[in-house]
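# Coordinate inspection notes
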Amino acid sequence: MRLARALLALACLAAVAAGPEGRILRAVNEAREEVGLPPLERGARVSRREERHAARMADAGRLWHADIPRLLEGVAWERAGEVVGAAAGPHRLVRAWMASPEHRAVILGPYRRVGIGARRAGGFLWSALVAWR
């Protein structure tokens, strides 16, 4: 029984890693690695909240920032930043964030954890990412 649960958990992790959120996280962590920063770890609870935020933005067809204190409710944090965007795919999205000084500052900020949500709609990948420590 424990083995079956462990295999199911690994399958779920592999599905997340293969999805757009996993590709965004890999691209973000590659950008951090290039400048000598440690990788961000994905927080499941906050990622679920960012997934809902990305879905609302995709449904509305516009971008806006979430209320960070509400987004991080129940999570210990002292500093946080959020980036939102829409692009053709995960790598284009992260490249656009890295080309913007404000977004780049969040991606390369002094954070440890990250919540990521993404939703495809209208030919775009709508995404929200919040990083915190």
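Here is a short report on the structure shown in this document. (Residues numbered from 1 in each chain as written. Predicted model: local features only at pLDDT ≥ 70, side-chain atom pairs only at ≥ 80, totals over all residues. Heavy atoms only, no water.)

Bringing helix α3 (residues 44-60) into the picture now. The terminal C-alpha atoms of α3 lie 24 Å apart, and with 17 residues this matches the ideal 24 Å at 1.5 Å per residue to within 8%. Taken as a whole, α3 has its buried residues at Val 46, Ser 47, Arg 49, Glu 50, His 53, Ala 54, Ala 55, Met 57 and Ala 58. Where the residues of α3 are buried, they touch β1 (41-42), α4 (68-71), β2 (80-87), β3 (113-121) and β4 (124-132). (Helix = DSSP H or I, 4+ residues; strand = E, 2+ residues; numbered from the N terminus. Expected span 1.5 Å × (residues − 1). Buried < 20%, exposed > 50% of the residue type's maximum accessible area, 1.4 Å probe, protein only. Contact = heavy atoms within 4.5 Å.)

A full pass over the atoms with the stated rule returns one aromatic pair. For the ring pair Phe 124 and Trp 126, a centre distance of 6.5 Å and an interplane angle of 75 degrees mean the geometry is edge-to-face. (Phe/Tyr/Trp six-rings, centres within 6.5 Å; stacked < 30°, edge-to-face > 60°.)

So, about the nonpolar core. Ranked by internal contacts, the top residues of the largest apolar core, which has 21 residues, are Ile 24, Val 28, Val 94, Trp 97, Ile 107 and Leu 129. Sorting elements by how many residues they give to this core places helix α2 (residues 20-34) first, with five residues. Those residues within four positions of Ile 24 in sequence are excluded, and the remaining contacts are Pro 90, Leu 93, Val 94, Trp 97, Ile 116, Ala 118, Leu 125, Ser 127 and Leu 129. By size, the runner-up hydrophobic cluster in this structure holds seven residues, among which are Val 46, Ile 68, Leu 72 and Val 75. (Core = buried A, V, L, I, M, F, W, Y, C linked by side-chain atoms within 4.5 Å.)

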